[in-house]
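Report on the structure
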Amino acid sequence: PLHGLLPFSHIDHLHPDALIAVAAAKDGEAITEEIWGGAMGWVPWQRPGFDLGIKLEACLAANPGIRGIVLGGHGLFTWGDTSLDCYLNSLGTIEQASEFVTDRLARDRPVFGGEALASLPEAAKLAPILRGLCSSEKAMIGHFADDERVLEFINSRDLARLAPLGTSCPDHFLRTKIQPLVLNLEPDEDLSDVEAIRETLLPSFERYRSEYQDYYEACKNSYSPAMRDANPVVILYPGIGMFTFAKNKQTARVASEFYVNAINVMRGAEALSEYTALPRQEAFDIEYWLLEEAKLQRQPAEKPLSRKVALVTGSAGGIGKAVAAKFIEEGACVVLSDIDLDRLEATRVEFLDRYGRDASVATVLDVTSSSDAADAFDVAALEFGGVDILVNNAGISISRALEDYTEEEYDLLLDVLAKGQFLVSQAGVRIMKKQGMGGDIVNIVSKNGVVAGPKNLAYGTAKAAQAHMTRLMAAELGDDGIRVNMVNPDAVIQGSNIWASGWAEERAEAYGVSLEELPAFYARRTLLNEVITPCDIADGVFAFVCGLLTKSTGCVLNVDGGLAAGFVR
């Protein structure tokens, strides 16, 4: 509404932290006068719309010659005859506000009343529990922050006073909800007792949901949209850090960034005088504004794996890489993991370029190491809040006649394939149980777990162990809503690290064909006469986790072009 009301061709509407600190201070109008004298106008809080335009016009008429207007609880308008004039005016105004706030912060008063609590490194243990608790309506993806600004606020003496006030600027609370949930545990609490921790924290979540319901009921209008998810977006955990949860990683990360902006505003406002928040009714009218609801309704439909987090072992090439790419394309966040650091880094960079910063994270993982497995799931917890899908794909292959296998080769195959699947599944299940949201484990086994072939004893034995472990895990984990299934590929040569390591030559020799003839040889022996690719296997894995087979566990899906010898039923 400013265009047509102001005699300038270029206008900026900005929300810099220092300006909002002035706008959200208890005596913001007086502070505006102190900083800029008569050069800046002041308009008390008014919801965006035509009425705000009328108030801005009145402010300009009453203060001819001003270079901008501070909006109480909101932000800043500046203008100029040209884009450059407007830009320079904006920069100068913001710089003056920043210098004024910085000067006040430099005085002796401790920020937020000083530190009341020291930080503890327990975030990875808590994140899956918190994710489960705030996913009571819909599954959420998490983000964690514990930088200096966050810890200064959440460990401070003023947290209990400031946090319930909520955020003032609508651009903040539209992404963070009107206020955060503040939690606390005793410093010596045993975080290994998941059920006890959950029972301790559950009343806080229930109280937050109830208070949000009360807020909605007290403020709603006849035309208000239906109440949205009552769970918190921002969770402040003194001594730990800030957790944010939303429908996807990007939204959770942005919520975290906006709450850091809110912390900066509170910090500045407290240095100037005293932080004030919007009245609840005004906040509600923004949060449930029909124009905001229209934006939400126009958002695209969520993909099948939206709100899911997956960890894929051996995901730097071949089947694992194809599975990870398929999952991301279907909406999931993915933890890439592999023992080959160079291949993993190349895949990380490729995925960053293809899918952006919020789709995946990479971590080195030796599946034969229980500590590596635990560390990988810590990465999943800190980056995304937990894990919903585990794909055990990492593997090696060695083809020998019985008398030619060495004991070391036999042990290595069993360690990587069977023990590796066991250790990674064990670590993954611990996270899934913490969340209490069920989950999926899909093991990439092989037709060799069923079919007896030449020069394949140790590999086939390890694959058979993987297959039966799948059935055993399915039988054990059903009560927790964790489904365990397997996909049996055969002859997936494209992009495979296994085939590049000499396995192809060994299998060609075993079958009496040349290396060049091997793909066609494998295709000819299938009922469909098809070459199997990594993407075919990825489609098979997706079938188990996409939401269509929610009542299937302990199952095997052959993706081999049709091998009668590999039929299991």
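Overview of the structure.

The next thing to look at is the overall build of the chain. Within the chain, the regular secondary structure consists of 20 helices and 15 strands. For the chain, the spread of C-alpha atoms along the three principal axes comes to 95 × 55 × 50 Å. Among the 569 residues that make up the chain, the fraction classed as buried is 53%. Sequence separation of 24 or more characterises 76% of the internal contacts of the chain that already satisfy a separation of 6 or more. In the structure as shown, the chain presents an accessible area of about 24,700 Å², 52% of it carried by carbon and sulfur atoms. Positive and negative side-chain charges of the chain, numbering 51 and 80 respectively, have mean locations separated by a distance of 5 Å.

What follows concerns the sheet that holds strand S5 (residues 141-145). Taking strand neighbours across the sheet as the criterion, the four strands line up as S5-S8-S7-S6 in an open arrangement whose pairing is mixed. At either end of the open sheet lies a strand with only one pairing partner, and these are S5 and strand S6 (181-182). Two strands pair when backbone bridges link them, and S6 and strand S7 (residues 234-237) are joined in this way by two bridges, in the parallel orientation. The residue of S7 that forms the bridge with Leu181 is Ile235.

The next subject is the sheet that holds strand S11 (residues 360-364). Pairing within the open sheet is parallel, and its seven strands lie in the order S11-S10-S9-S12-S13-S14-S15. Looking along the sheet, the strands with just one partner apiece sit at the ends: S11 and strand S15 (556-559). The mean inter-strand angle of the sheet, taken between neighbouring strand axes irrespective of direction, is 20 degrees. Bridging between strand S14 (residues 482-489) and S15 involves four bridges; their strand directions are parallel.

This brings us to the side chain of Glu287. Note on placement: Glu287 falls in helix H11 (residues 280-287). Look at Glu287: it is buried, it has no salt bridge, and the nearest opposite charge is Arg228 at 4.6 Å. A polar side-chain atom of Glu287 sits 2.5 Å from a polar atom in the side chain of Tyr212. Reaching out from Glu287, the side chain makes a polar contact with the side chain of Tyr215 at a distance of 2.8 Å.

Tracing the backbone through its elements, the reader meets Asn456 in the loop between strand S13 (439-444) and helix H17 (457-477). Only 2.8 Å separates the side chain of Asn456 from the side chain of Asn448, close enough to count as a polar contact.

Quick look at the nonpolar core now. Ranked by internal contacts, the top residues of the largest apolar core, which has 41 residues, are Val70, Phe153, Leu236, Met242 and Tyr259. Among the elements of the structure, helix H1 (17-23), helix H2 (28-36), strand S2 (40-43), helix H4 (83-105), helix H6 (148-154), helix H7 (159-162), S7 and helix H10 (249-272) are those that each provide at least two residues to this core. Element by element, the count of residues in this core is highest for H10, at nine residues. When near neighbours in sequence (up to four residues on either side) are disregarded, Leu236 contacts Phe153, Ile154, Leu159, Ala163, Pro180, Leu181, Val182, Leu183, Gly241, Met242 and Tyr259. Grouped together as the second largest cluster of nonpolar side chains are 38 residues, Phe384, Val387, Ala418 and Val429 included.

The next point concerns the pairing of strand S9 (residues 309-312). Regular strands place side chains that alternate from one sheet face to the opposite one. The alternating pattern of S9 places Val309 and Leu311 on one face and Ala310 and Val312 on the opposite face, and all of these are buried. Of the strand pairs in this sheet, S9 and strand S10 (residues 333-338) are connected by four bridges, and their pairing is parallel. From the neighbouring strand, Val312 faces S10, where its bridge partner is Leu336. For the crossover from S9 across helix H13 (residues 318-329) to S10, the handedness is right-handed. Where S9 lies against strand S12 (residues 389-392), three bridges are found, and the strand directions are parallel. For Leu311, the partnering residue across the bridge sits in S12 and is Leu390.

Counted by the stated rule, this structure contains eight aromatic pairs. With centroids separated by 4.8 Å and ring planes inclined at 45 degrees, the aromatic side chains of Phe144 and Phe243 adopt a geometry described as tilted. Separated by 99 residues along the polypeptide, Phe144 in strand S5 and Phe243 in strand S8 (residues 241-246) bring together distant segments of the chain. Here the two residues Phe144 and Phe243 agree in accessibility, since each one is buried. When the ring of Tyr212 is compared with that of Tyr215, the centres are 5.5 Å apart and the planes differ by 55 degrees; the resulting orientation is tilted. Linking Tyr212 with Tyr215, this pair stays in helix H9 (residues 194-219), spanning three residues, or about one helical turn. Exposure class is identical for Tyr212 and Tyr215. Each is buried. Taken together, Tyr212, Tyr215, Tyr216, Phe284 and Tyr288 form an aromatic cluster joined through their ring pairs. Sitting above the plane of the Tyr288 ring, Arg228 keeps its charged end 4.3 Å from the centroid.

Another aspect to go through is the packing of H2 against H4. Contact geometry for H2 and H4: axes closest at 10 Å, N-to-C directions at 105 degrees. Accordingly, the angle class assigned to the pair H2 and H4 is roughly perpendicular. Along its contact with H2, which presents Ile31, Glu34, Ile35 and Trp36, the element H4 presents Thr93, Gln96, Ala97, Phe100 and Arg104. Of the residues in the contact of H2 with H4, the class split is five nonpolar, two polar and two charged.

Now for empty space enclosed by the protein. Taken as a whole, this structure holds one cavity of 30 Å³ or more when the rule is applied. Its volume calculated, the largest cavity comes out at about 50 Å³. Looking at the largest cavity, the residues that line it are Thr313, Val367, Asn392, Asn393, Ala394, Val416, Leu417, Gly420, Gln421, Val424 and Gln466. Element by element, the count of residues in the lining of the largest cavity is highest for helix H16 (residues 407-435), at five residues. Across the lining of the largest cavity, the residue classes tally to five nonpolar, six polar and no charged.

About the thresholds
Residue numbers run consecutively from 1 along every chain, following the written order of its sequence. In keeping with the model being predicted, local features are shown solely for residues with a pLDDT of at least 70 and side-chain atom pairs are shown and tallied solely at 80 or more, while totals for entire chains, interfaces and linings include all residues. In computing side-chain values, all of the structure's heavy atoms are included and hydrogens and water are not. Counting from the N terminus, the helices are the DSSP runs of H or I reaching at least four residues and the strands are the DSSP runs of E reaching at least two. For each residue, the accessible area found with a 1.4 Å probe, counting protein chains only, is set against the maximum for its type, and the residue is called buried under 20%, exposed over 50%, and partly exposed in between. Contacts are assigned to residue pairs that have any heavy atoms within 4.5 Å of one another. A 1.4 Å probe and the Shrake-Rupley method give the accessible areas. Residues count as covered only by the protein chains that appear here. For the purpose of counting charges, residues Lys and Arg are taken to be positive, whereas Asp and Glu are taken to be negative. His and the chain ends are not included. To locate a charge, the coordinates of NZ of Lys, CZ of Arg, CG of Asp or CD of Glu are taken. If DSSP finds at least two bridges between two strands, the strands pair. Interaxial angle, 0 to 180 degrees, is taken between N-to-C directions of lines fitted to C-alpha atoms, where a helix line uses only the stretch in contact. Take a side-chain nitrogen of Lys or Arg and a carboxyl oxygen of Asp or Glu: if they are within 4 Å of each other, that pair is a salt bridge. Two N or O atoms form a polar contact when they lie within 3.5 Å of each other; inside protein one atom must be a possible hydrogen donor and the other a possible acceptor, and for residues adjacent in sequence the pair counts only when both atoms belong to side chains. Joining through side-chain atoms within 4.5 Å is the link that ties buried Ala, Val, Leu, Ile, Met, Phe, Trp, Tyr and Cys residues into a set, and such a set is a nonpolar core. If you view a crossover with the strands going away from you and the path from the first strand over the helix to the second runs clockwise, you call it right-handed. Centres within 6.5 Å make a pair out of two Phe, Tyr or Trp rings, where for Trp the six-membered ring is used; the pair is then stacked when the planes are under 30 degrees apart, edge-to-face when over 60, and tilted otherwise. The rule for a charge over a ring is simple: NZ of Lys or CZ of Arg within 6 Å of the ring centre, and within 35 degrees of the ring normal. Geometric relationships in this document are graded by angle, where less than 35 degrees denotes roughly parallel, more than 145 denotes roughly antiparallel, 65 to 115 denotes roughly perpendicular, and other angles denote oblique. Note on residue classes: Ala, Val, Leu, Ile, Met, Phe, Trp, Tyr, Cys and Pro are nonpolar, Asp, Glu, Lys and Arg are charged, and everything else, Gly too, is polar. Cavities and pockets are found on a 1 Å grid laid over the protein atoms alone: a cavity is a set of points where a 1.4 Å probe fits but cannot escape, a pocket is an open set with protein on both sides within 12 Å along at least five of seven lines, and a lining residue has an atom within 4 Å of such a point. Grid points are joined across faces, edges and corners, and a volume is the space filled by probe spheres set on the points.

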